[in-house]
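Structural characterization, general
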Amino acid sequence: MTDTPFWQRKRLDEMSPSEWESLCDHCGKCCLHKLEDAETGEVYYCDVLCHLFEMQTCSCGDYPNRATRVPACAVLTVDNIPQFGWMPKTCAYRRLSEGRGLPDWHPLVSGDPASVARAGHSVRSRASLADNDTDLEQHVTDWDL
Ligand code: SF4
Ligand code: SF4
């Protein structure tokens, strides 16, 4: 037996489904609406969230069906992480795929889900839910992602 946690001794493609899911810190940043500059490809984050996002839990309101409910939802797999270069630099999946490990505030490290908000990485206090009338261009925000 080893005391080394799974995210340090396993590659992403070696993790079990439950280990993979536990990597998500529920920051909510990937559920923010984004705009892409068609010419430069640059991605701009807004301060409004996908309508399926649940503020209370800071997670998806229909996670099993997210891809059909929201076709634009990015469903991360071990194979497609590189396609989502816009994922926030803090995202655990991006961090591990880039060999950067998990930060102190990650719940798996801190043992406390609230450490994400304490470290300023939860969108909950800075974003609202979008509706059909939301003009995304008016909501572009510098998240320092
Ligand atoms: S950005 Fe990454 S860690 Fe944060 S909620 Fe999305 S998938 Fe989870
Ligand atoms: S469908 Fe769920 S996981 Fe996908 S962007 Fe919306 S709230 Fe986030």
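Each remark here, short or long, concerns the structure printed above.
Let me sum up the structure you'll find in this document. (Residues numbered from 1 in each chain as written. Chains lettered and ligands numbered in written order. Predicted model: local features only at pLDDT ≥ 70, side-chain atom pairs only at ≥ 80, totals over all residues.)

Strand order in the open sheet made by the 3 strands is β1-β2-β5, with mixed pairing throughout. Looking at the sheet topology across the chains shown, the edges are occupied by β1 (32–36) and β5 (128–129). (Pairing = 2+ DSSP bridges. Helix = DSSP H or I, 4+ residues; strand = E, 2+ residues; numbered from the N terminus.)

In this fold, proline 17 is placed in helix α2 (residues 17–22). It is 37 Å that separates the C-alpha atoms of proline 17 and aspartate 133, two residues lying 116 residues apart in sequence.

Moving on to the site of ligand 2. Residues in contact with ligand 2, as listed here, are Cys31, Cys50, Leu52, Phe53, Cys60, Arg66, Arg69, Val70 and Cys73. Classifying every residue of the shell around ligand 2 by side-chain character gives 7 nonpolar, no polar and 2 charged. (Near = placed C-beta within 6 Å. Nonpolar A, V, L, I, M, F, W, Y, C, P; charged D, E, K, R; others polar.)

Further remarks concern the pairing of strand β2 (residues 43–49). Taken residue by residue, a regular strand's side chains alternate between the two faces of the sheet. Bridge analysis of β1 against β2 gives 4 bridges, and the strand direction is antiparallel. Its bridge partner being in β2, leucine 35 is matched across the sheet by tyrosine 44. Following β1, the chain reverses through 6 residues before pairing antiparallel with β2; glycine 41 in that reversal takes a positive phi of roughly 80°. With 2 bridges joining them, β2 and β5 adopt parallel strand pairing.

Purely geometric stuff here, so don't read any function into it on its own.
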